[in-house]
Every structure is written in structure tokens, then in C-alpha cells.
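Take a look at the letters that make up each chain.
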Amino acid sequence: MADQLFVSELQARLDTRWMGRILEIHQTIDSTNTRAVALARMGSASGAVVLAEHQTEGRGRLGRRWHAPAGSALLMSVILRPNLAPPQAQRATMICSLAAVEAIEKTCGLHALVKWPNDIVMGGKKLAGMLAELGLRGGALDYVVVGLGLNVNLDPAALPEAMTPPTSLQAELGHPVSRVDLLVSLLQSMERLCDRMAGGWSPHEMWRNYLVTLGQRVRVGAPDEVIEGLAEDVDQ
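Residues numbered from 1 in each chain as written. Predicted model: local features only at pLDDT ≥ 70, side-chain atom pairs only at ≥ 80, totals over all residues. Heavy atoms only, no water.

Q: Sorry, what's going on with the overall build of the chain here?
A: Of regular secondary structure, the chain possesses six helices and nine strands. Over its C-alpha trace the chain gives a radius of gyration of 17 Å, about what one expects of a compact globule, namely 18 Å for 236 residues. For the chain, the C-alpha atoms occupy an extent of roughly 45 × 40 × 30 Å along the three principal directions. Counting every position in the chain, which comprises 236 residues, the buried fraction comes to 50%. Across the chain, every contact between residues at least 6 apart in sequence was considered, and the portion connecting residues at least 24 apart equals 66%. As displayed, the chain has an accessible area near 11,200 Å², and 50% of this comes from carbon and sulfur atoms. Distance between charge centres in the chain, computed from 22 positive and 25 negative side chains, equals 3 Å. (Helix = DSSP H or I, 4+ residues; strand = E, 2+ residues; numbered from the N terminus. Rg over C-alpha atoms; globule rule 2.2 N^0.38 Å. Buried < 20%, exposed > 50% of the residue type's maximum accessible area, 1.4 Å probe, protein only. Contact = heavy atoms within 4.5 Å. Areas by Shrake-Rupley, 256 points an atom, 1.4 Å probe, with all protein chains shown as cover. Lys, Arg positive; Asp, Glu negative; His and termini not counted. Charge placed at Lys NZ, Arg CZ, Asp CG, Glu CD.)

Q: Explain the packing of aromatic side chains to me, please; I cannot follow it from the model alone.
A: Working definition: an aromatic ring pair is given by the centre-to-centre distance plus the angle between the planes. Tallied over the full model, the rule gives zero aromatic pairs. Above the face of the Trp201 ring, Arg196 is positioned so that its terminal group lies 3.9 Å from the ring centre. (Phe/Tyr/Trp six-rings, centres within 6.5 Å; stacked < 30°, edge-to-face > 60°. Lys NZ or Arg CZ within 6 Å of the ring centre and 35° of its normal.)

Q: Sorry if this is basic, but what is going on with the pairing of strand β7 (residues 140–151) here?
A: The two faces of the sheet receive side chains in turn, since in a regular strand these alternate between them. Burial of β7 is extensive: 11 of the 12 residues sit out of reach of the surface. In terms of strand pairing, strand β3 (residues 73–80) meets β7 through eight bridges, oriented antiparallel. When the bridges of β7 are listed, Leu80 appears paired with Val144. In this structure, strand β6 (residues 125–137) lies alongside β7, joined through 10 bridges in antiparallel fashion. Directly across from Gly129, in β7, lies its bridge partner Gly149. Two successive antiparallel strands, β6 and β7, enclose a turn made up of two residues, where Gly138 displays a positive phi of approximately 60 degrees. (Pairing = 2+ DSSP bridges.)

Q: Honestly, helix α5 (residues 179–198) in this entry has me stumped. Any pointers?
A: Three or four residues apart is the spacing at which side chains of an α-helix point the same way, because the helix has 3.6 residues per turn. Relative to the 28 Å expected for 20 residues at 1.5 Å per residue, α5 spans 28 Å between its end C-alpha atoms, a close match to the ideal helical length. Of all 20 residues that make up α5, 14 are buried, and the element is covered over most of its length. Immediately beyond the C-terminal end of α5, within one or two residues, lies Gly200, with a positive phi of roughly 110 degrees. (Expected span 1.5 Å × (residues − 1).)

Q: Sorry if this is basic, but what is going on with the environment of Met197 here?
A: For Met197, the location among the structural elements is in helix α5. Separated by 105 residues in sequence, Met197 and Ala92 place their C-alpha atoms 9.1 Å apart. If we ignore the near neighbours within four places in the chain, the residues touching Met197 are Pro82, Leu84, Arg91, Ile95 and Pro203.

Q: Is there a simple way to explain the nonpolar core in this structure?
A: As a rule of thumb, soluble globular proteins bury nonpolar side chains together. In terms of nonpolar packing, the biggest core is built from 55 residues, with Ile104, Leu150, Leu169, Leu186 and Met190 touching the most fellow members. For this core, the secondary structure elements donating two or more residues are β2 (49–52), β3, α3 (90–108), β5 (119–122), β6, β7 and α5. Looking at this core element by element, the count peaks at 11 residues for α3. Those residues in contact with Ile104 that sit more than four places away from it in its chain are Gly109, Leu110, Ala112, Ile120, Met122, Leu127, Leu150, Leu169 and Leu182. (Core = buried A, V, L, I, M, F, W, Y, C linked by side-chain atoms within 4.5 Å.)

Q: Sorry, what's going on with α3 here?
A: In this model, α3 (19 residues) spans 27 Å end to end at C-alpha, consistent with the 27 Å of a helix rising 1.5 Å per residue. A large share of α3 lies buried, amounting to 15 of its 19 residues. With its phi angle positive at about 70 degrees, Gly109 sits one or two positions after the end of α3.

Q: How should I be thinking about the layout of surface pockets in this particular structure?
A: Using a probe with the size of a water molecule, rolled over the atoms, empty space left in the structure can be pinpointed. Within this model, the second largest pocket holds a volume of roughly 390 Å³. Forming the walls of the second largest pocket are 24 residues, and the residues nearest its centre are Trp116, Trp207, Asp233, Val234 and Asp235. Elements with a contribution of two residues or more to the lining of the second largest pocket: α3, α6 (204–208), β8 (217–221) and β9 (226–230). The leading source of residues in the lining of the second largest pocket is β9, at four residues. Split by residue class, the lining of the second largest pocket holds 12 nonpolar, seven polar and five charged. (1 Å grid on protein atoms, 1.4 Å probe; cavity = no way out; pocket = protein on both sides within 12 Å on 5 of 7 lines; lining within 4 Å. Points joined across faces, edges and corners; volume = space filled by probe spheres on them. Nonpolar A, V, L, I, M, F, W, Y, C, P; charged D, E, K, R; others polar.)

And the structure:
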């Protein structure tokens, strides 16, 4: 595997204080989110990251499967413990999507956008998806685990058909991308944005600037209903 991920190399490259300082890399795992949630429940610190080269049960919203050939994507989950009220937990997902679009721009020179609620897109095609899972303790937010699947060096034609056609960074650029460079940039951006949020900043205005959904008619499927309407704005 030419672009394999190693804990020692990643931690040597990272200049973060707390993000990625606890780091696991699995060759195969059922789900990075499942492992990260277990670690969070055992008290693992904010900024702990679980990565995998391959997931056997990778999942997205509403129980959908996430497909990626081994070694072709960034498949990861991060544990965050933000000082937020439970209704504000979506800000943690906003932070992760903003870090992803920043890292893509810095590493690849590509301008990715966000499709509400949890996709990263380029040219109308899906580049990445996220899945957040929350833990509460006594009614307060204990942790947020944010899972990210980002298509890096894969052929979109190898993926199953989906409602939103998939793409990858390699497909957009015409050449492979260093997953190590991308991951280091992603984690560094994530720490910087989390630190800003800890100081009282809300990411919603910055996140709004990347939204492709505003001004469009949207149809959102939930487990028990479908909501339709005009996407007008984002508030806190």
C-alpha cells in the first residue's frame, strides 16, 4: 500500500497540542465510529482519533452503508468534548466539515462545499460524508464522536450507485493525493477551529459561506417523515 498511514509518521508530522495525540490506526475494523464511541465511554480524551484502512460496517446517516476500497480513503472518527449544550452539538460537525474543506483547499487547491446536513461535495458530486454520535451525562453533553469518510484515491465508478453521484480527490485532480498530507492538514485545522469555538466563537456563519443548499428547495428524509421546504439561512 503506497500511501499507508502510520501512527509514528503522523504524530511526528503533527504540530497540534491535543488533536490526534491519541491515535489508533486499524487495517480492518467494523466501524471507526463504533470504536471511537467505546473509547469515549471509557473516558478517552478530546482529540482522540480512530483511523482505518478498511471498514466492514462503515455507515452513514439513516443506517446507509459507506463504501470505500481498502487504502483509498480517509476513514476516521474523532472524539470531541466541547463545552456545548446538547442542542448545540451540531457545531462539532460544522467544525469537522470546515476543517475538511480547508484541508482539501490547502492540500489539493480544490474548492469543496458543504451540502446540508453532513456531506461535502464538489461539482454536485459527493466527496465525503459525516456521521455524528452524541453521549450525554446527567443531561449535559459528554462527548461528540464525528465520523468522516473522505474519498481520496479511488475510482468513483467502483462505488455503488447512490442518490448523489460520488467523486474523489483523485478523480477531480487527475492524479493521486497524499492521504498523509491531507490528514495532517485536516487535524491541524480541526484543532484550530475547536480552540476558537472553546473561546465562544460559533462556526455557523463560516459554515454558511460554504453551503450549496441555501436558496434551494430541499427534501430531507428522516426515519419517520420527509420534510420539504426552501433552505433560507443558518442560525446558531
